[in-house]
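# Inside the fold
If you want the building blocks of each chain, they are given just below.
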Amino acid sequence: MTVHFIGAGPGAADLITVRGKQLIGSSPVCLYAGSLVPVELLESCPPGCRQVDTWELTLDEIIAEMTAAHEAGHDVARLHSGDPSVFSAVAEQMRRLDAAGIPYDVTPGVPSFAAAAASLAREFTVPGVAQTVILTRTAERATAMPEGEDLTTLAASRSTMVLHLAVQRMEAVAAELIPAYGADCPVAVVARASRPDEVILRGTLGDIAGQVSAAGIRRTAIIVVGPALTAVQFPDSHLYSAARSRPGS
C-alpha cells in the first residue's frame, strides 16, 4: 500500500490535478481536513471508501488510521489543502511513516498564494520591480518562528511578501512592515481564494487593517505585500525580447 499525500488545491473543487483526482478514486481510505478541503472531492472516492475527517484528530490518531490501512493493504488518499510543500504539516507525518516503514508519495497541488495571484490578476515577480517572493507566516498562536525569520528581517529586501495564517493580527503585521515598505505600500488580502465566497481587499499598509476589521476576515486568508501589486511602469521581460538571441537566429 501507499499513503498518497495529495495537494487538494486552495478551495475550488476543480483546482486539483488529474493525478490527484485519480488517486482519490483508487484509494479505499481517504483522510481529509474537513474545514479546508472541498467536500466535492469526496465524490471521487470509490464505493465503500473509509472517509475520515482529520480536522479534530491528533497526529497520533492520524498515523493510527494510516497504520491500520497499511495492515489491511489499502492505499490512503491523504488530502491537504493547497500544496503539500508549504505549511501543510506533512513533514511530521512523513517522519512517523518513515519510522513505521510505511511507503508514501506526494502529488502537488495549487497553492493558496497562486490562487490569490490569479484572483488578483497580478504577477508577483514583475521585471525591475520585484523578482523575489517570500512565503512566510507569523508566530501568533502557532509554532515559534526560527531565528532570523521575523517580519522585520524579512521585510528588509522589500520583496513581494505573502503571509499565511496572519490576517487575524493584520494591524500588528502592518506596523512591523511599515518601517521597511512604507505606509503607502500596496497590500491585498484575499480570503477564501478561488471559492464562491471569495473576498478581495486592496489597500495600503496604512489602511488595510481597518478594511480587514470592517470585512470581518479572521481566517483562511492570504496577505500580499509589495509594489508588484500595482506596478504599471516596468520593462518588458528579457524572455520575449526581440533582442534576445534564439536558436537558429
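Anyway, here's the lowdown on the structure attached to this text. Once a new chain begins, its residue numbering starts again from 1 and follows that chain's sequence as written. Local features are withheld for residues below a pLDDT of 70 in this predicted model, meaning they are given only at 70 or higher, and side-chain atom pairs are given and counted only at 80 or more; totals for whole chains, interfaces and linings count all residues. Water and hydrogen atoms were dropped before computing side-chain values, which therefore reflect all heavy atoms in the structure.

### Focus on the pattern of salt bridges
Within this document, salt bridges are pairs made up of a side-chain nitrogen of Lys or Arg and a carboxyl oxygen of Asp or Glu, the two lying within 4 Å of each other. One pass over the full model with this rule turns up 4 salt bridges. Among the ionic pairs, Arg96 bridges to Asp60, the shortest N-O distance being 2.7 Å. Remark: Asp60 occurs in helix H2 (residues 59–72) and Arg96 occurs in helix H3 (residues 90–100); sequence separation between them is 36 residues. Classification of Arg96 as partly exposed rests on a relative accessible area of 34%. With a closest N to O distance of 3.2 Å, Glu176 and Arg169 form a salt bridge. A simple rule labels every residue: compare its accessible area, found with a 1.4 Å probe on the protein chains alone, to the largest value its type can have, and call it buried under 20%, exposed over 50%, or partly exposed in between. When its relative accessible area of 28% is taken as the criterion, Glu176 is described as partly exposed. By relative accessible area, Arg169 is classed as buried at 19%. Secondary structure follows DSSP: runs of H or I at least 4 residues long count as helices, runs of E at least 2 residues long count as strands, and numbering of each begins at the N terminus.

### Points about a nonpolar patch on the surface
The grouping of Phe87, Val133, Leu135 and Leu165 at the surface amounts to a nonpolar patch, some 330 Å² of accessible area in total. Here Leu135 shows up in strand S6 (residues 133–137). Nonpolar side chains (Val, Leu, Ile, Met, Phe, Trp, Tyr) are joined into patches within 5 Å and like charges within 9 Å, using only residues with over 30% relative accessible area and no salt bridge. The Shrake-Rupley method, run with a 1.4 Å probe, gives the accessible areas here. Residue values count only the displayed protein chains as cover.

### Considering the side chain of Ser88
Within the fold, Ser88 resides in the loop between strand S4 (76–80) and H3. Owing to a relative accessible area of 12%, Ser88 belongs among the buried residues under this scheme. For the purposes of these results, a polar contact is taken to be a pair of N or O atoms within 3.5 Å, where, inside protein, one atom must be able to donate a hydrogen and its partner to accept one; residues adjacent in sequence count only when each atom of the pair is a side-chain atom. A distance of 2.5 Å separates the side chain of Ser88 from the backbone oxygen of Pro84, its partner in a polar contact. Leaving out residues up to four positions away in the same chain, Ser88 has contacts with His80, Asp83 and Gln93. Contact definition: two residues touch when any of their heavy atoms are within 4.5 Å.

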